[in-house]
Amino acid sequence: MGFDIVRDLPPALHDRAATWTYLTGFAESWGTPLGADDGAPEAELAGAEERLGLRLPAAVREAYTLLGRRPDLHSNSNTLLGPGELAVEHGAVIFREENQGAARWGVLLDDLGQEDPPVHVREDLADKYLELWEPWLDRFSVTVLDIVLSESTQGPEELCDFRELHEGEDDELTRRFTLLPFPAEYQNFYFERDVLISDGGGDMLCVRARDAETLDRFRAEFPGHWLNA
């Protein structure tokens, strides 16, 4: 039946193997298929573990092995750190950074014994005493799924664009498109046959189209100050 971004999502949110299958299908359907050289080699992962003095959870290793060398899938805006860049700070293994240093994502050291541990986020605040690890998503694999979907809307300029979300447009998106059943409370994803949309946490309208003509049509239907137009 082929990959279906809506139909195949529920299993991917509850089963780690299904998550990797989903991401493999997404890469093939919406860009470039994953290849054997797109994952981080075992030597890099083992080297990171030796350097950090810890064992990475199974889900972390599997994610990097699948797509660690595909920045087009995970690092168009924010950055997924490579194995050699992983760091232990404030009681967590840091694996992702916001593009202006405003936040970091990590797995708490206390959770490293879990195969698919929860992910936390820590904002960079002026008052360092107020910085805390806050819950993000309850499984690392689901976080990677979130990363790939959101980063895909920040991809090539000929296929992607974004602008501020206007008042009431979230309701229009819900009426016109399929709302993906994603568990993240901070961001919604919408889909139709040739368009993937994110509300960027409620303040941005981010879109990825299959081709330039579809992107132009979407921008005409949702006029505004599009960055790449």
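Please refer to the structure higher up on the page.
Below you will find a few notes about this structure. This is a predicted model, so every value here is computed, not measured. (Residues numbered from 1 in each chain as written. Predicted model: local features only at pLDDT ≥ 70, side-chain atom pairs only at ≥ 80, totals over all residues. Heavy atoms only, no water.)

1. Let's talk about the overall build of the protein chain
Okay, so step 1: The secondary structure content of the protein chain amounts to 8 helices and 11 strands.
Okay, so step 2: Relative to its length of 229 residues, the protein chain is compact, with a C-alpha radius of gyration of 18 Å against a globular reference of 17 Å.
Okay, so step 3: Expressed as lengths along the three principal axes of its C-alpha atoms, the size of the protein chain is roughly 55 × 45 × 30 Å.
Okay, so step 4: Split into buried and exposed, the 229 residues of the protein chain put 50% on the buried side.
Okay, so step 5: Counting only contacts in the protein chain whose residues sit at least 6 apart along the sequence, the fraction spanning at least 24 positions is 54%.
Okay, so step 6: Total accessible area on the protein chain is roughly 11300 Å²; 50% of this is exposed by carbon and sulfur atoms.
Okay, so step 7: A gap of 3 Å separates the mean positions of the 20 positive and 46 negative side-chain charges of the protein chain. (Helix = DSSP H or I, 4+ residues; strand = E, 2+ residues; numbered from the N terminus. Rg over C-alpha atoms; globule rule 2.2 N^0.38 Å. Buried < 20%, exposed > 50% of the residue type's maximum accessible area, 1.4 Å probe, protein only. Contact = heavy atoms within 4.5 Å. Areas by Shrake-Rupley, 256 points an atom, 1.4 Å probe, with all protein chains shown as cover. Lys, Arg positive; Asp, Glu negative; His and termini not counted. Charge placed at Lys NZ, Arg CZ, Asp CG, Glu CD.)

2. Examining the nonpolar core
Okay, so step 1: In terms of nonpolar packing, the biggest core is built from 53 residues, with Leu86, Phe95, Phe140, Leu145, Leu149 and Phe182 touching the most fellow members.
Okay, so step 2: Residues within four places of Leu86 in sequence aside, it is in contact with Ala48, Arg51, Leu52, Leu56, Tyr64, Leu81, Val93, Ile94 and Phe95.
Okay, so step 3: Grouped together as the second largest cluster of nonpolar side chains are 13 residues, Phe177, Val207, Leu215 and Phe218 included. (Core = buried A, V, L, I, M, F, W, Y, C linked by side-chain atoms within 4.5 Å.)

3. Details of the layout of surface pockets
Okay, so step 1: By volume, the largest pocket is sized at about 650 Å³.
Okay, so step 2: If you trace the largest pocket, you find 26 residues lining it, with Asn78, Glu98, Trp105, Gln187 and Gly200 closest to the centre.
Okay, so step 3: Counting residues per element, the ones that place at least two in the lining of the largest pocket are β4 (103–108), β5 (119–123), β6 (134–137), α6 (140–152) and β11 (204–209).
Okay, so step 4: Taken together, the residues that form the lining of the largest pocket break down as 9 nonpolar, 10 polar and 7 charged.
Okay, so step 5: Each pocket or cavity is described by its volume, and for the second largest pocket that value is around 170 Å³.
Okay, so step 6: Every residue lining the second largest pocket is listed: Glu89, His90, Ile94, Gly101, Ala103, Arg104, Arg122, Glu123, Asp124, Lys128, Glu131 and Trp133.
Okay, so step 7: Among the elements of the structure, β4 and β5 are those that each provide at least two residues to the lining of the second largest pocket.
Okay, so step 8: Here the lining of the second largest pocket is composed, by residue class, of 3 nonpolar, 2 polar and 7 charged. (1 Å grid on protein atoms, 1.4 Å probe; cavity = no way out; pocket = protein on both sides within 12 Å on 5 of 7 lines; lining within 4 Å. Points joined across faces, edges and corners; volume = space filled by probe spheres on them. Nonpolar A, V, L, I, M, F, W, Y, C, P; charged D, E, K, R; others polar.)

4. Here's the deal with the sheet that holds β11
Hydrogen bonds between backbone groups are what pair the strands of a sheet, and the pairing can be parallel or antiparallel.
Okay, so step 1: Strand order across the open sheet formed by 5 strands is β7-β11-β10-β9-β8, with antiparallel pairing between neighbours. Strand pairing shows two members of the sheet lacking a second neighbour, β7 (160–164) and β8 (178–179), which therefore form its edges.
Okay, so step 2: Relative to β11, strand β10 (residues 195–198) runs antiparallel, the two being bridged by 4 bridges. The residue of β11 that forms the bridge with Val195 is Ala209.
Okay, so step 3: Against the sheet, helix α7 (residues 169–176) makes contact with β7, β9 (189–192), β10 and β11, and its axis sits at roughly 40° relative to β9, the strand it touches most.
Okay, so step 4: The strands that helix α8 (residues 212–221) touches are β7, β10 and β11; relative to β11, the one it contacts most, it runs at about 150°. (Pairing = 2+ DSSP bridges. Axes fitted to C-alpha atoms, helices over the stretch in contact; angles between N-to-C directions.)

Treat this as a map of the structure, not an account of what it does.
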